[in-house]
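Chain by chain, the residues run as shown.
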Amino acid sequence: MDGGAGSGTEHGAAGSVPAAPGRGRRAGRVAATGRMGIAGAGHDTKTAGFEGAGFETAGSEGAGSEGAGSEGAGSAEAGDLETALAGVLAFLRRRITGDYVIDEHGFDPDLTEHVIAPLLRPVYRDYFRIETRGLENVPDVGGALVVANHSGTLPMDALMMAMAILDHHPAHRNLRMLAADLVFAVPFLAPLARKIGNTLACQADAERLLTAGHLVGVWPEGFKGVGKPFSERYTLQRFGRGGFVSAALRTGVPIIPCTVVGAEEIYPMIGNVKSLARLLGLPYLPITPTFPWLGLLGLIPLPSKWIIEFGEPVPTDSYPAEAADDPMLVFELTDRIRETIQHTLYSLLMQRRSVFF
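Residues numbered from 1 in each chain as written. Predicted model: local features only at pLDDT ≥ 70, side-chain atom pairs only at ≥ 80, totals over all residues. Heavy atoms only, no water.

**Q** Describe the environment of Phe291, naming the residues involved and giving the relevant values.
**A** Mapped onto the fold, Phe291 is located in the loop between β9 (286–287) and β10 (307–310). Sequence spacing of Phe291 and Tyr267 is 24 residues, and the spatial spacing of their C-alpha atoms is 8.7 Å. Excluding residues that lie within four positions of it along the chain, Phe291 makes contacts with Pro286, Gly298 and Leu299. (Helix = DSSP H or I, 4+ residues; strand = E, 2+ residues; numbered from the N terminus. Contact = heavy atoms within 4.5 Å.)

Here it is in C-alpha cells:
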C-alpha cells in the first residue's frame, strides 16, 4: 500500500452527526452481559446499547423543587459512577479469565473499546468538537476501504476517524487502519498500534482484511501529507501508485472517500530540522509555534474545530478480476478519489466559520 495512518458535500440532518455525549451504553451493555464483540470472525459486531437517562432539575418555584432537582442530579451521578465501575470490573474480569479475543493481526477489540476509546472520547467530543457527516455512506457490514487526506504533524486524524465510526455509526464498526512501517519500529508504540487495529500498509494485509469483511482505513499521502509544512495546508500530496485501488479492485469492495478539516491546525508545522530527523531515523522533525519552545507542553495540540465527512462510495464490484492489474484504470480511479477529496476540502473550508469555532 502507498501510505497509512502513521505516515460532493452533504447537508441535512441525515448527513450531519454532531459530537455526541460519551458512549456509556457500550460499557453498560458489556457489564450487563459479560460479553464482547469478536473481531477476526469476518465482520464487525453490531453493538446495541443504552443511553444514560437524562435528568433535568426542577425550577426554583414551588416548595422543595430545588431539593428534588439536586437529588435527581445526585442519583444520575451515582448511577454513572456505578456503571463506569461495573464496566471496569467486567473488563478486569475478562482479562483475568482470558474471556477476550485477539485476531491474527493482533487487534484487541475489548481493550480498544473499553480502555482506549474512553480516553479518546473526550478529545473527540469536547476538545476538537468534531462534527461527523455522511456516515450513511459507510456500510453496516462487509468490506469497504475508507480513503482519507492526512495531516496534522502527528496522525491524530486517523484516531479521530476511528472514533467517529465506532461511536456514531449505527453498527459501531471498528476501523482497521493501515499504518506505515515506522509505527511498528517504535518499541512501545508497535504493540499498542497492533492492539487498537493497525496493521502494516501492505497489499497482502489490506486484501486479507477486506476479504474478511472488515472496514479498512488508508491514508495514501503517508508522511508526505502528515508532515507537510503549514504553508501547504489542505493541499493534497501525491497518492502514491494507487495500491489501495488495486486492493479494492481485487476484493470488489467500495472505496469511500473521507475528508478531514481541522487537523491541519493542531500542530502548525513552520519548520523542519531535517538533519536531526535523519540522524534519529524520522521522516521529519517538526518545529511548531509551541514545540520545542514550551518543552512537553508544546506537544499539546491546538483546539481546532474539526469536520469529518464520508463521501459517496465508489463501487468496484462491476470491474473484472484482472482490472487490478490495469495501470491506466488504477491511475484513473486513484486520481478520481484524490480529486473528490480535494474538492470536498475546498467546500468544507468555505463552510466553516473559523479555525477554532
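**Q** Give a description of the pairing of strand β3 (residues 144–148) that names residues and reports values.
**A** Burial within β3 is extensive, with five of its five residues counted as buried. As paired strands, β3 and strand β6 (residues 215–218) are joined by four bridges and run parallel to one another. Counterpart to Ala144 in the pairing with β6 is Leu215. Note that β3 and strand β7 (residues 255–261) share four bridges and pair parallel. (Buried < 20%, exposed > 50% of the residue type's maximum accessible area, 1.4 Å probe, protein only. Pairing = 2+ DSSP bridges.)

**Q** Break down the pattern of salt bridges for me, with residues and values.
**A** Inspection of every chain in the model, using the stated rule, returns 14 salt bridges. With a shortest N-O distance of 3.0 Å, Arg125 and Asp126 are connected by a salt bridge. In this structure Arg125 comes out as partly exposed when scored by relative accessible area, which is 23%. Here Arg338 ties to Glu339 by a salt bridge, and the two come within 3.6 Å at their closest N and O atoms. A relative accessible area of 30% places Glu339 in the partly exposed class. When salt bridges that share partners are traced, they join Arg94, Arg95, Asp108 and Asp110 into one network. (Salt bridge = Lys/Arg side-chain N within 4 Å of Asp/Glu carboxyl O.)

**Q** Any details on the nonpolar core? Residues and values, ideally.
**A** Formed by 36 residues in total, the largest nonpolar core has its most connected members in Met161, Leu175, Trp306, Ile308 and Phe310. Elements supplying a minimum of two residues to this core: α3 (109–127), β3, α4 (156–168), β4 (175–179), β7 and β10. In terms of residue count, α4 provides more of this core than any other element does, nine residues in total. Among residues more than four places away in sequence, those in contact with Met161 are Val146, Ala148, Leu175, Trp219, Cys258, Val260 and Ile308. Within the second largest apolar cluster, 31 residues are counted, among which are Leu145, Leu236, Ala324 and Val330. (Core = buried A, V, L, I, M, F, W, Y, C linked by side-chain atoms within 4.5 Å.)

**Q** Explain helix α10 (residues 327–351) residue by residue, including any values.
**A** Given 3.6 residues per helical turn, the α-helix brings residues three or four places apart onto the same face. Between its first and last C-alpha atoms α10 spans 36 Å; for 25 residues at 1.5 Å apiece the expected length is 36 Å, and the two agree. Along α10, the residues classified as buried are Leu329, Val330, Leu333, Thr334, Ile337, Ile341, Gln342, Thr344, Leu345 and Leu348. Between the side-chain oxygen at the start of α10 and the backbone nitrogen of Met328 there is a gap of 3.1 Å, and the oxygen is on Asp326. (Expected span 1.5 Å × (residues − 1). Polar contact = N/O pair within 3.5 Å; in protein donor to acceptor, adjacent residues only side chain to side chain.)

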